[in-house]
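# Structure at a glance
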Amino acid sequence: MNITDEVAIHINAMHKWYGEFHVLKDINLTVHRGERIVICGPSGSGKSTMIRCINRLEEHQQGDIFVDGIELTNDLKNIDAIRREVGMVFQHFNLFPHLTVLENCVLAPIWVRKTPRKEAEEAAMHFLERVKIPEQAMKYPGQLSGGQQQRVAIARSLCMNPAIMLFDEPTSALDPEMISEVLDTMIDLAESGMTMLCVTHEMGFARKVANRVIFMDGGQIIEQNEPEEFFNNPQSERTKLFLSQIL
Ligand code: ADP
Ligand code: MG
């Protein structure tokens with residue numbers, strides 16, 4: 001798990017409003033290639049909005065966001081280029097229910113990337129093996145457990161060869177017994193050197209995998225530190241209160 005000097009994401013004095021509501025306030029964040037960052041904080045603190053701004057699922061109104069040195073502006077070419085770099089996994093897996101697992105995985109490579117079908121299917125099988133469910137390739141999402149569906153969602157993202165993976169509470173919709181199979185997949189990915197930003201309250205995962213934990217509250221980054229320091233020696237009262245509620 002090597003962190004390089006190269007900057008993967010740079011967010012500078014970024015603000016976002018939903019109408020009148022100032023949801024993100026002066027976000028400053030630099031993520032280096034190979035970093036594994038866990039983002040936590042109370043519900044409504046802006047975690048999802050922040051990571052959704054990174055691939056333009058939400059638009060920011062002030063400040064700058066650079067992904068791989070590409071500035072996120074209204075320029076569709078830039079948005080497209082950034083989306084090529086960034087994969088995202090959501091709380092609800094967002095698989096297409098009427099397509100098999102394999103078809104879910106090859107859809108974007110074939111139609112967006114123009115990858116030949118055979119090549120796309122080979123890559124998809126490779127990633128389904130990596131998330132340990134190659135035997136499910138011909139099934140439909142509804143025939144799989146929640147944990148398996150989430151691993152398909154991860155494999156599907158990987159099929160686009162992203163340099164950065166964003167996770168938004170990937171285990172919070174899962175039954176408890178399925179959480180670890182998804183976290184194991186994410187640990188695996190981290191060990192392969194993937195740059196990862198994960199919104200999660202799985203603090204065991206944070207301790208094991210993250211090189212940095214970020215705490216958000218009220219639309220701001222309140223505190224960030226390496227996991228040991230973050231958990232053992234939180235600085236702000238808000239962080240202490242939050243940790244006392246979840247640990
Ligand atoms: P978190 O992921 O930390 O729970 P969110 O980023 O989802 O927080 O939401 C932050 C705040 O923005 C919340 O108060 C939420 O109600 C509000 N919000 C989220 N999405 C929208 C939206 N599309 N329009 C208006 N307000 C929103
Ligand atoms: Mg959220």
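Scoring rules and cut-offs
Residues numbered from 1 in each chain as written. Chains lettered and ligands numbered in written order. Predicted model: local features only at pLDDT ≥ 70, side-chain atom pairs only at ≥ 80, totals over all residues. Heavy atoms only, no water. Pairing = 2+ DSSP bridges. Helix = DSSP H or I, 4+ residues; strand = E, 2+ residues; numbered from the N terminus. Axes fitted to C-alpha atoms, helices over the stretch in contact; angles between N-to-C directions. pLDDT = per-residue confidence, 0-100. Near = heavy atom within 4 Å. Polar contact = N/O pair within 3.5 Å; in protein donor to acceptor, adjacent residues only side chain to side chain. Nonpolar A, V, L, I, M, F, W, Y, C, P; charged D, E, K, R; others polar. Salt bridge = Lys/Arg side-chain N within 4 Å of Asp/Glu carboxyl O. Buried < 20%, exposed > 50% of the residue type's maximum accessible area, 1.4 Å probe, protein only. Expected span 1.5 Å × (residues − 1). Core = buried A, V, L, I, M, F, W, Y, C linked by side-chain atoms within 4.5 Å. Contact = heavy atoms within 4.5 Å. UniProt positions renumbered as here; feature names shortened; annotations may be inferred. Phe/Tyr/Trp six-rings, centres within 6.5 Å; stacked < 30°, edge-to-face > 60°. Right-handed = clockwise from strand over helix to strand, strands pointing away.

## Quick notes on the sheet that holds strand 3 (residues 36-40)
Strand pairing in a sheet relies on backbone hydrogen bonds. The paired strands run either parallel or antiparallel. Sheet architecture is open: 6 strands sit in the order 6-7-8-3-9-10, paired in mixed fashion. Each edge of the open sheet is held by one strand with a lone partner, namely strand 6 (86-89) and strand 10 (220-225). Going from strand to strand, the sheet's axes swing by 20° on average, the running direction of each strand aside. Note: strand 6 against strand 7 (residues 164-168), 4 bridges, orientation parallel.

## Some thoughts on the confidence of the model for the protein
For the protein, the average pLDDT comes to 96, and 100% of its residues sit at 70 or higher. For this predicted complex, the interface score ipTM comes out at 0.98, alongside a pTM of 0.96.

## Let's talk about the site of ligand 1
With respect to spatial proximity, the complete set of residues near ligand 1 consists of Y18, F21, V23, P42, S43, G44, S45, G46, K47, S48 and T49. Between ligand 1 and the protein, one listed contact pairs an oxygen atom with a backbone N or O atom of G44 at 2.7 Å. T49 is positioned with one of its side-chain polar atoms (N or O) 2.5 Å from an oxygen atom of ligand 1. Where the shell around ligand 1 is concerned, the elements lending two or more residues are strand 2 (21-32) and helix 1 (47-54). Top contributing element to the shell around ligand 1 by residue count: helix 1, with 3 residues. For the shell around ligand 1, the per-class residue count stands at 4 nonpolar, 6 polar and 1 charged.

## A few points about the pattern of salt bridges
Per the counting criterion, the structure on display carries 13 salt bridges. We note a salt bridge from E237 to K240, for which the minimum N-O separation is 3.3 Å. You can see E237 and its partner K240 sitting in helix 9 (residues 237-246), 3 residues apart, about one turn around the helix. E237 sits in the exposed class, given a relative accessible area of 58%. Accessibility expressed as a relative area gives 35% for K240, which makes it partly exposed. Through salt bridges with shared partners, a single network forms among E6, R33 and D68.

## Points about helix 5 (residues 146-158)
For helix 5, built from 13 residues, the straight-helix expectation of 18 Å at 1.5 Å per residue is met to within 8% by its first-to-last C-alpha distance of 19 Å. Most of helix 5 is tucked away: 13 of the 13 residues are buried.

## Looking at the nonpolar core
Counting residues in each nonpolar core, the largest one holds 49 residues, and the members touching the most others are F167, M186, M196 and F205. Residue contributions to this core peak at 8 residues, all from helix 6 (residues 176-191). With residues up to four places along the chain from it excluded, the contact list for M186 reads I154, F167, P170, M196, C198 and F205. Membership of the second largest hydrophobic core comes to 28 residues, among which are I9, V23, I65 and M216.

## A closer look at the UniProt feature "domain: ABC transporter" (unreviewed entry) in the protein
On the UniProt side, "domain: ABC transporter" (unreviewed entry) is annotated at positions that read residues 9-243 here. The distance separating the terminal C-alpha atoms of residues 9-243 is 27 Å; by composition the span is 39% helix and 26% strand.

## Brief notes about the packing of aromatic side chains
Within the structure shown, the criterion is met by 2 aromatic pairs. On the numbers, 5.2 Å between centres and 45° between planes, the contact of F215 with F242 is tilted. Taken as a pair, F215 in strand 9 (residues 212-217) and F242 in helix 9 lie far apart in primary sequence, 27 residues in all. For F215, a relative accessible area of 0% puts it in the buried group. The buried category is assigned to F242, whose relative accessible area is 6%.

## With respect to the pairing of strand 8 (residues 195-199)
Of all the 5 residues making up strand 8, 5 are buried; the element is thus mostly covered by neighbouring parts of the structure. The two faces of strand 8 match: T195, L197 and V199 on one face and M196 and C198 on the other face are all buried. Across 4 bridges, strand 3 lies against strand 8 in parallel orientation. Bridge pairing in strand 8 places R36 opposite M196. Here strand 7 runs beside strand 8; their pairing, made up of 5 bridges, is parallel. Note on strand 8: the bridge partner recorded for L166 is L197. In the classification by handedness, the crossover that spans strand 7, the intervening helix 6 and the parallel strand 8 is right-handed.

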